[in-house]
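This is what each chain is made of:
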Amino acid sequence: PPQQGGYPPQQGGYPPQQGGYPPQQGGYVPQQGGFSAPPSGQSWNVAQPQPAPLPVNYTPNPELSGHGPAGAGGIKAVQAKGSKAGTVILNFSCRGLRDRDVLSKSDPQIILYTSVKDRANYTVKGRTERVKNNLNPVFGTGIEIPYVFEKQTFCKVRVIDDDSDGLSNDADNLGEAEFTLGQAVSKKTLELELVHRRWGPKGTVLVNASHTTSTKEIITLQFEGAHLDKKDTFGKSDPFLEIFKCTGGQAALVKRSEVCYNTLNPRWRPIEITSSQLCNGDENMKLLIKVYDYDEASSPDIIGSCYTTMKELKKVKKELVEWDLINEKKQAKKKNYKNSGKLKLLQCVSVKSYSFLDYIASGLQLNCMVAFDFTASNGHPNDPASLHHLNNQGVNQYTMAWTSIGQVIQDYDWDKLFPSYGFGGALPPNNQVSFEFALNANAQNPNCAGIEGVVSAYQMALQNVALSGPTNCAPIIRTATRYANSNATTPNGGLGYLILLILTDGQFTDMNQCVSAIKQATSSPMSIIIVGVGNADFSNMEYLDGDRTSQAHRERDIVQFVPFNKYAHRHKDPATKLAEDMLKNLPDQVVSYFISKQMEDVVFEVCTNEIQKESKDPIVQQQVKRLNVQQEIHRLESSLRAFNDEF
């Protein structure tokens, strides 16, 4: 639980500093003698609160854990839209309710209150139906709540005995329970004890969360033509194609390709379209494909057309799919007419673009690693002007920034253990400067239990670590990358994703190394949030933020930089607004990671199966050779990227 009135004196561990740190003359004066370091494998005696317990009925779903949403293998690299928000539907049931009726049982109903500020400003969000004479009701009415990841939504359930008009009072109240929307989404089912302020606990309420998202099936198609009719007098043809869906007796245009100039054997670039746009999600819907010859000075000339379905397109994974292009006018005039060329399907990849809520609901766990700046530029902790100085409530900008993000992340972390580090400090007993030391002095286990556990370890480190420098952050970024890779799968079998929170009072002095470390981290399941504390010039830090710079040299944008003072004097609740801006890009970063990692599974999936490899058709053999060359180019490009990252 939170410490009341500041932290109690540490028992054991390091003795208190007598007279504080010596005056800072041109930087930190090394401690003479210093303190003895803790024995190997042990930590400073930092009071750690117990992590919050899991719901009594929580067990990971073995069918979903570890693999993202069902069928997530083969996600193609398409931009996920609207991944941050969605709608969550809460359904309720109760067990063992208090019976308030004399001649019958209670008639329970649930009222749901929500607040996006705190637990003191609840408003009614909705209510369920009334279930008559039942102490173990299952309510059929779900209540919808908007979901925004970066905003912590507080919820309160009140169960009432509704004997008349649905108005509640103390006599009708059967009990209340509180939770956050993040807890409900990440755990799927919460079982909470109902407590009445006068009569105490009695009964439980089960909260089940489901969600509605705009998950899309993305279809990627690539066509080529062969031996098309020659339509130009002084050249060949300039072919392009159009795809129509046939519905209600009408043909609606859904996609048009680019023009391939002066060729009778065109290969068009891959076409990307959703299944709803292509065929309304109906694999048997008739599709019409027309191939035209483009003329700049007049309307295009039809070369030929064919019909197909989505079901037939998907056969390309097992067999060669091609169609005769028929020109109806030429067919009517010529007796021996066969076709005006052939249209061949090179690839058809059908994948799904999942939302952030889909990944959370499938068992994704978020963890947060925090790193505090222990450089001398912060000022002596005993100086009220120091950025490390704690006020009467034990708070400074460092703890405010950490607490604001920790409150949101902890709902998605099953064990609520946070790896916590410092950088730029001189460690006892030899005052050796370190850029990645554990706040609890236990390098083998730097985890701190809960938000308050991190704050407690940070306060203890301030008493025992000499402020030094410089502000080198590449080592902690590399440490976080290794941690993210080793924890990509959680002990419960789910997916893992790491947020590295760096709290610093100045610009990084190893900027080039940081850029290189960030580039390597883009291929790992992690994001980096940097908070600038104090009034220093952070202009160079904007370079690291992918929102403000070109991303040509990175696989994806994983860095968000936020200056704390931007919020300190502009908002009534700066910590909440800071958390919102720090975390607003995280859902898209999570989705982009899983998209990028699974893209490789589908790049060369099509047209390279055993049936086509064994085919005697010279055209098919040519396709396979071409794809093999593309695979080799892809492999060499990947090796070159790895070489550049290393050297």
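In what follows, the accompanying structure is described.

Observations concerning the sheet that holds strand S20 (residues 432–434)
Line of reasoning, step 1. In spatial order, the strands read S20-S19-S23; together these 3 strands make up an open sheet with antiparallel pairing. The outermost strands of the open sheet, each flanked by one partner alone, are S20 and strand S23 (466–467).
Line of reasoning, step 2. By the bridge criterion, 2 bridges tie strand S19 (residues 425–427) to S23 in an arrangement that is antiparallel. In the sheet register, Ala 426 faces S23, and the bridge partner there is Ala 466.

Describing unusual backbone geometry
Line of reasoning, step 1. Between Pro 428 and the following residue, Pro 429, the backbone shows a cis peptide bond with an omega angle of 0°.
Line of reasoning, step 2. The linkage connecting Gly 469 with the following residue, Pro 470, adopts the cis geometry, with an omega of 0°.
Line of reasoning, step 3. Structurally, Pro 470 is set in the loop between S23 and helix H8 (474–486).
Line of reasoning, step 4. One non-glycine residue with positive phi stands out, namely Asn 262, at about 55°.
Line of reasoning, step 5. Inspection of the secondary structure assignment puts Asn 262 in the loop between strand S11 (250–256) and strand S12 (271–274).
Line of reasoning, step 6. The backbone phi angle of Lys 416 is positive, close to 55°, even though this residue is not glycine.
Line of reasoning, step 7. Looking at where Lys 416 falls in the secondary structure, it is placed in the loop between helix H6 (397–409) and strand S18 (417–423).

Thoughts on the sheet that holds strand S13 (residues 286–293)
Line of reasoning, step 1. If you trace the 4 strands from one edge of the open sheet to the other, you get S11-S10-S13-S14, paired in antiparallel fashion. Two strands close off the open sheet at either side, each with one partner strand: S11 and strand S14 (301–309). Within this sheet the neighbouring strands show an average axis-to-axis angle of 30°, counted without direction.
Line of reasoning, step 2. Both strand S10 (residues 239–247) and S13 contribute to a ladder of 7 bridges, which runs antiparallel. Paired with Glu 242 across the bridge in S13 is Lys 290.

Some remarks on H6
Line of reasoning, step 1. The terminal C-alpha atoms of H6 lie 19 Å apart, and with 13 residues this matches the ideal 18 Å at 1.5 Å per residue to within 8%.
Line of reasoning, step 2. Among the 13 residues in H6, 10 count as buried, and that is most of the element.
Line of reasoning, step 3. All of the buried residues along H6 are Gln 397, Tyr 398, Thr 399, Ala 401, Trp 402, Ser 404, Ile 405, Gly 406, Val 408 and Ile 409.
Line of reasoning, step 4. Where H6 begins, the side chain of Asn 396 points an oxygen toward the backbone nitrogen of Tyr 398, at a separation of 3.0 Å.

Let's talk about empty space enclosed by the protein
Line of reasoning, step 1. In total, this model carries 2 cavities of 30 Å³ or more according to the counting rule given.
Line of reasoning, step 2. Taken as a whole, the largest cavity holds about 70 Å³ of empty space.
Line of reasoning, step 3. Considering the residues around the largest cavity, the lining is formed by Tyr 147, Val 148, Phe 149, Lys 151, Gln 152, Thr 153, Leu 181, Gly 182, Val 408, Asp 411 and Tyr 412.
Line of reasoning, step 4. Breaking the lining of the largest cavity down by element, the ones donating at least two residues are strand S4 (143–148) and helix H1 (181–187).
Line of reasoning, step 5. Among the residues making up the lining of the largest cavity, the classes are represented as 6 nonpolar, 3 polar and 2 charged.

Let's talk about the packing of H8 against helix H9 (residues 511–521)
Line of reasoning, step 1. Contact geometry for H8 and H9: axes closest at 9 Å, N-to-C directions at 10°. Taken together, the axes of H8 and H9 are roughly parallel relative to one another. Contacts between H8 and H9 involve Ala 474, Ile 477, Arg 478 and Thr 481 from the former and Gln 513, Cys 514, Ala 517, Ile 518 and Ala 521 from the latter.
Line of reasoning, step 2. Of the residues contributing to the contact of H8 with H9, the split by class is 6 nonpolar, 2 polar and 1 charged.

Definitions and cut-offs
- Residues numbered from 1 in each chain as written.
- Predicted model: local features only at pLDDT ≥ 70, side-chain atom pairs only at ≥ 80, totals over all residues.
- Heavy atoms only, no water.
- Pairing = 2+ DSSP bridges.
- Helix = DSSP H or I, 4+ residues; strand = E, 2+ residues; numbered from the N terminus.
- Axes fitted to C-alpha atoms, helices over the stretch in contact; angles between N-to-C directions.
- Expected span 1.5 Å × (residues − 1).
- Buried < 20%, exposed > 50% of the residue type's maximum accessible area, 1.4 Å probe, protein only.
- Polar contact = N/O pair within 3.5 Å; in protein donor to acceptor, adjacent residues only side chain to side chain.
- 1 Å grid on protein atoms, 1.4 Å probe; cavity = no way out; pocket = protein on both sides within 12 Å on 5 of 7 lines; lining within 4 Å.
- Points joined across faces, edges and corners; volume = space filled by probe spheres on them.
- Nonpolar A, V, L, I, M, F, W, Y, C, P; charged D, E, K, R; others polar.
- Parallel < 35°, antiparallel > 145°, perpendicular 65-115°, else oblique.
- Contact = heavy atoms within 4.5 Å.

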